[in-house]
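Read off the chains here:
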Amino acid sequence: MIAIKTVEIVGLAARAKAAWARLIRKVYEVDPLECPNCQGPMESAVEFIADDELVEITPKSTRIRKRLLLEHERKRAARVAA
C-alpha cells in the first residue's frame, strides 16, 4: 500500500512539474527544463553544482557561485563542520 502511494505522489509531482514548465514557457517564452547555454536538460546541468555552491539566475545570465563568498568564511565553515 505504501509503494502505491509513493508511485502516485511521484506521478503527481511529475505532472505538476510539467504543468509549471508549460506555464513558464508560455509566459516567458523560455523552456525552464532546457539549459540556455548548451540546450541540454537542466537535470544534467544540476549534477555539476557542488554542495557549497548556489545558482544565481537573472534575466541576462545564469551563474554558479559559492554560498560563502569570502574565502576565510568558507574555511571557518569547513572547520565548524569537521
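Each chain has its residues counted from 1, running along the sequence as written. Totals for whole chains, interfaces and linings use all residues, but because this is a predicted model, local features are given only for residues with pLDDT of at least 70 and pairs of side-chain atoms are given and counted only at 80 or more. The side-chain quantities take in all heavy atoms of the structure and omit both hydrogens and water.

1. Some points on the pairing of strand 2 (residues 62-66)
Note the cut-off: Paired strands are those between which DSSP finds at least two bridges. Per the convention used, a helix needs a DSSP run of H or I reaching at least four residues, while a strand needs a run of E reaching at least two, with both numbered from the N terminus.
Across five bridges, the pairing between strand 1 (residues 53-57) and strand 2 is antiparallel. Across the sheet, V55 pairs through a bridge with I64, a residue of strand 2. Two successive antiparallel strands, strand 1 and strand 2, enclose a turn made up of four residues.

2. Digging into the confidence of the model for the protein chain
Put simply, the test is: Per residue, pLDDT captures the predictor's confidence, and it can take any value from 0 to 100. By definition in these notes, contact holds between two residues if any of their heavy atoms fall within 4.5 Å.
Of the residues in the protein chain, 88% reach a pLDDT of 70 or more, and the chain-wide mean stands at 78. At the low end of the mean pLDDT range in the protein chain sits helix 1 (residues 2-28), at 71; at the high end sits helix 3 (residues 71-81), at 87. Confidence drops under a pLDDT of 50 for residues 1-7, and excluding neighbours within four residues, the segment shows zero contacts in the predicted structure.

3. Some details on the pattern of salt bridges
The following threshold applies: Salt bridge criterion: a side-chain nitrogen from Lys or Arg within 4 Å of a carboxyl oxygen from Asp or Glu. Relative accessibility under 20% of the residue-type maximum defines a buried residue, over 50% an exposed one, and the middle range a partly exposed one, all with a 1.4 Å probe and only protein chains included.
All chains considered together, the criterion is met by six salt bridges. Salt-bridge contacts for K66 lead to D52; the nearest nitrogen and oxygen are separated by 3.0 Å. Taken together, the residues K66 in strand 2 and D52 in the loop between helix 2 (42-46) and strand 1 connect sequence positions 14 residues apart. In this structure, the salt-bridge partner of R65 is E56, at a minimum N-O distance of 2.5 Å. Residue R65 is classed as partly exposed on the basis of its relative accessible area, which comes to 25%. Accessibility expressed as a relative area gives 26% for E56, which makes it partly exposed.

4. Concerning a nonpolar patch on the surface
Operational definition: Patch membership requires more than 30% relative accessible area and the absence of a salt bridge. Residues of like charge join within 9 Å; the nonpolar side chains Val, Leu, Ile, Met, Phe, Trp and Tyr join within 5 Å. Accessibility throughout is a Shrake-Rupley quantity obtained with a 1.4 Å probe, and a residue counts as covered only by protein chains that appear here.
Judged by side-chain polarity, W20, L23, I24, V27, Y28 and V30 come together as a nonpolar surface patch covering roughly 660 Å² of accessible area. In this structure, V27 sits in helix 1. Of the residues examined, V27 reaches a relative accessible area of 60% and is grouped as exposed.

5. A closer look at the side chain of E53
Short version of the rule: For the purposes of these results, a polar contact is taken to be a pair of N or O atoms within 3.5 Å, where, inside protein, one atom must be able to donate a hydrogen and its partner to accept one; residues adjacent in sequence count only when each atom of the pair is a side-chain atom.
Topologically, E53 is positioned in strand 1. There is a polar contact of 2.9 Å between the side chain of E53 and the backbone nitrogen of A50. Other than its neighbours up to four places away in sequence, E53 contacts F48, I64, R65, K66 and R67.

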